[in-house]
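What follows is the residue order along each chain.
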Amino acid sequence: MSKRQLYLVARQTYLNRFKTFGFWSVVLAPLLVILVIFGITWVIDATQSHEQPTVAVVANRPLDNYLKQNKTVKAKFKNVDSLATAKANLKKDKIDGYLTSKENSYALKMSVDAENLSETTLQVTLDQYHMLSQATKMHLTPNQLNSLVTKPDFQTSVYNTSGKSSQGGQATNQANQLLSAALGIFIFIFLSAYVGMISQEIANEKSSRIMEILLAVTSPGIQFFGKLLGIAGLAITHGLIYFVVVGVTAIFFGDNEFVKTLKGLLTGVDAKFAIMTGFLTLIGIFLYMVVTAIVSAMVNDLSQVQQAVAPISYFSMIGYILTFVLNGQPHNAFINALSYVPFISQTLMPARLGLQYANMTDAFIALALELIVLIFLARYGLRVYKRNVLTYNDGNITKAALLSLKGLFSKKQ
Amino acid sequence: MIELKNLTKKFGDKLAVDDMNMQLKPGHVVGLIGQNGAGKTTTFRMMLDFIQPTKGTISWDGHAITNKDKQNIGFLPEERGLYQKLTVEQQVLYFAELHGMKKADAKQQLQSWMKKLDVVGKVSDKVQSLSKGNAQKVQLIATVITEPSLLILDEPFTGLDPVNTQLMMNEILRLKQNGAHIIFSSHNMSGVEKLSDELLMLKHGKTVLSGELNTIRESFGRSEIYLESPVTNEQLLTIPGILDIQKEGAGRHIKLADSSVGKEVFSLVAKDGYVPVFSQQPPTLDEIFRREVTGGSVNE
């Protein structure tokens, strides 16, 4: 195999696709999604009204004073003597709502067009006020009250199969779930995009008969691996672009509130996890690319590409869908077993890893299995590619696929 | 020299090429003719290593064709293919580099080829913006810019207008003069006659004719006469051995049962001592082709 020709085919494939809208839309789509979310959050924040509602506290001056001093609830409070006055004021739009109180109950009535008031914060503040009132009635000392209201310390952590503990709790779990779901979505999108690229590349050359000119001067091996290398180069470039974007964002926009929120979501992600996920994804994409290259060589024209590639896309959805049902099922033997299976592991294993249902050893096993299948597919896939790339059947791809398997593993090829 | 020895290709039970033998010498042009499905493209595919022969060998100067040799092959497939979204330059340079040509050299050569073939457009134009004729010229440039030692042309004149056909013929003759081995298939018999030094005709995979063009034609005898004379058809038909008389241009085309009948025809038309045109020839390649294909003999 001529290295020079291999390089030329890879370069040609890489440059052809690098300049296309398709490649850049795949690269920029996730970044645009993040930017759009950031933009919408910013616009909502910038345009929301900062006016506070006015709430009348009916015939309870101590409560009115407490609320005014406490300042936790973002509202203006004023005391009124009676419910009738409060209702009259509300009718005249002098107030946005009123708060009534009895022995053990409080009621808030707000006008329908009043500025928003956090009911949760008001509830907490009223709880505190109620507690203080009761403590005063019981003649408790400040220390006794303090001791009574101090919450016990409660921490959660996850003991994973590697024997190491890590910070856990609901917040981390939610972050991990979010991360695994996002990974599933993005990996699926990337896979679909690269599967599309390699199939278009091969089917276009075959259907336009350019392949005959190329194979007259090169060999099927050079075309097969050259194209795979070119598209793989694109996938690597794609990853590098994200790496640079993340680096630049972290260095120059680290103090931004939105970036801080994102960082918070990724607290549980360590370098090992990121690297392993990167490898599993990349090898997974390569695997799908090899299969797609083999299948694409069987089509007669571009109109058959979708038909040929559809089963591959459907198959890639298995791992993607399973990431959604994975949460809360750390011991599901079926899902666990599937997370090692090449073609599925690229989405499922990172998700299990993110949720800490699997450890690095599991991920290494999945990666090794991916590599073994990749080598096997590359070797025998080339034979299938050779058989089909210049064969034009009567449109039956299934027939072509079955014929390709005949004698595939015989030594004489 | 390129040599095809006992070349046979079977697809299942179907015999596509049967025991073909051919030599392709430097500076020689071989025309491969035959009906559709006769085995021409299959022969090219075996020469290009697209498919393996069932039996027989193909050698170049005594050794099997290697990947390095393939870089010296220029191939023009029957169904033309170019990357529609690439520019003329990107396209030609890519093919040239795959053939081992330096990019800078190819870039320089491309400019002179564009002028030589009178391609309307710039090297920076995308192929999809070119007319069919100009795209065909670009395809020809991509095939010959590397000055290949072996040129394989599958139906090179298909779809070409007379101007492009002539350009293609000129290029084939130029490469021939430079010592290239050239083999081409065509249904354009006049083109085959003009270009070929040798001819190989296939019928259902079998070689039915092979050798130098003139030798093949002469082997069928001078059984055709083109005549311009006031002598009537009735007078001509009195001569035994005249099979058919057809009007052709300003004169008539006469088919003879045997070349010796020509003497009697000449005696008749020249009895007054003058005949404007009398030309006794072997059958044309077109005639030989039609007769061979339909299973009859030219002399029938």
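Owing to the predicted nature of the structure, the values given are computational and were not obtained by experimental measurement. (Residues numbered from 1 in each chain as written. Chains lettered and ligands numbered in written order. Predicted model: local features only at pLDDT ≥ 70, side-chain atom pairs only at ≥ 80, totals over all residues. Heavy atoms only, no water.)

*Asks:* Just checking my understanding: could you explain the UniProt feature "transmembrane region" (unreviewed entry) in chain A for this structure?
*Replies:* The feature "transmembrane region" (unreviewed entry), as given by UniProt, occupies residues 21–44, 178–198, 232–253, 273–299, 305–326 and 363–382 of chain A in the numbering adopted here. Annotated as residues 232–253 of chain A, this span is 95% helix and 0% strand, and its ends, taken at the C-alpha atoms, are 31 Å apart. (UniProt positions renumbered as here; feature names shortened; annotations may be inferred. Helix = DSSP H or I, 4+ residues; strand = E, 2+ residues; numbered from the N terminus.)

*Asks:* Help me understand the domain arrangement of chain A in this model?
*Replies:* The accessible area lost on association of the parts is a frequent measure of interface size. The domain architecture assigned to chain A consists of domain 1 (3–30 + 172–407) and domain 2 (54–138). Computed over C-alpha atoms, the centres of domain 1 of chain A and domain 2 of chain A are 59 Å apart. (Domains from an automatic or database assignment.)

*Asks:* Mind showing me how you'd approach the sheet that holds strand β14 (residues 277–281) of chain B here?
*Replies:* All names here are of chain B. Spatial ordering of the open sheet is given by β12-β13-β11-β14, a layout of four strands whose pairing is antiparallel. Every interior strand has two partners, whereas the edge strands, β12 (242–248) and β14, have only one. For this sheet, the mean inter-axis angle between neighbouring strands, taken without regard to orientation, is 20 degrees. Direction of pairing for β12 relative to strand β13 (residues 251–256): antiparallel, over a ladder of six bridges. Residue pairing across strands places K247 opposite R252, the latter belonging to β13. (Pairing = 2+ DSSP bridges. Axes fitted to C-alpha atoms, helices over the stretch in contact; angles between N-to-C directions.)

*Asks:* Could you clarify how one ought to interpret the pairing of strand β3 (residues 29–34) of chain B in this entry?
*Replies:* When a strand is regular, its side chains alternate between the sheet's two faces. Residues and elements named next belong to chain B. In terms of burial, β3 is largely enclosed, as six of its six residues are buried. Neither face of β3 is exposed, since V29, G31 and I33 on one face and V30, L32 and G34 on the opposite face are all buried. Taken together, the four bridges between β3 and strand β8 (residues 181–185) define a ladder with parallel strand orientation. Directly across from L32, in β8, lies its bridge partner S185. Pairing between β3 and strand β9 (residues 198–203): five bridges, direction parallel. Counterpart to G31 in the pairing with β9 is L199. (Buried < 20%, exposed > 50% of the residue type's maximum accessible area, 1.4 Å probe, protein only.)

*Asks:* Would you mind going over the UniProt feature "domain: ABC transporter" (unreviewed entry) in chain B with me for this structure?
*Replies:* As recorded in UniProt, the feature "domain: ABC transporter" (unreviewed entry) lies at residues 2–229 of chain B. Counting secondary structure, residues 2–229 of chain B comes out at 35% helix and 29% strand; the distance between its end C-alpha atoms is 49 Å.

*Asks:* What's the story with a nonpolar patch on the surface in this structure? I'm lost.
*Replies:* Residues I236(A), L240(A), F243(A), V244(A), V248(A), I251(A), F252(A) and F253(A) make up a contiguous nonpolar surface patch of about 870 Å² in total accessible area. By the secondary structure assignment, I251(A) is in helix α9 (residues 220–252). (Patch = residues over 30% accessible without salt bridge, like charges linked within 9 Å, V, L, I, M, F, W, Y side chains within 5 Å. Areas by Shrake-Rupley, 256 points an atom, 1.4 Å probe, with all protein chains shown as cover. Salt bridge = Lys/Arg side-chain N within 4 Å of Asp/Glu carboxyl O.)

*Asks:* Is there a simple way to explain the pattern of salt bridges in this structure?
*Replies:* Scanning all chains against the criterion turns up 20 salt bridges over all chains. With its nearest N and O atoms 3.0 Å apart, the salt bridge here joins R4(A) to E97(B). Taken as a pair, R4(A) in helix α1 (residues 3–18) and E97(B) in helix α3 (residues 88–98) lie in two separate chains rather than in one. Assessed through its relative accessible area of 45%, R4(A) is described here as partly exposed. Using a relative accessible area of 4% as the deciding quantity, one classes E97(B) as buried.

*Asks:* I would appreciate a short explanation of the environment of S196(B) in the present structure.
*Replies:* Residue and element names in this part refer to chain B. Inspection of the secondary structure puts S196 in the loop between α7 (189–195) and β9. Assessed through its relative accessible area of 8%, S196 is described here as buried. Along the primary structure S196 and I141 are separated by 55 residues, whereas in three dimensions their C-alpha atoms are 21 Å apart. Sequence-distant contacts of S196, that is, excluding residues within four places in its chain, are made with V29, V30, G31, F184 and L213. A polar atom in the side chain of S196 sits 2.8 Å from the backbone oxygen of V192. (Contact = heavy atoms within 4.5 Å. Polar contact = N/O pair within 3.5 Å; in protein donor to acceptor, adjacent residues only side chain to side chain.)

*Asks:* In this structure, what is going on with the sheet that holds strand β3 (residues 97–101) of chain A? I would like to understand it.
*Replies:* Hydrogen bonds between backbone groups are what pair the strands of a sheet, and the pairing can be parallel or antiparallel. Residues and elements named next belong to chain A. Taken in spatial order, the four strands make up an open sheet running β2-β1-β3-β4, and their pairing is mixed. Of all strands in the sheet, those bounded by a partner on one side alone are β2 (76–80) and β4 (106–110). The mean angle between the axes of side-by-side strands here comes to 25 degrees, regardless of whether they run parallel or antiparallel. Where β3 meets β4, five bridges bridge the pair, whose relative direction is antiparallel. Paired with L99 across the two strands is L108, which belongs to β4. Here helix α3 (residues 61–70) sits on the sheet in contact with β1 (54–58), β2, β3 and β4, set at roughly 165 degrees to β2. Sheet strands in contact with helix α4 (residues 83–91) are β1, β2 and β3, and its direction is about 165 degrees off that of β3.

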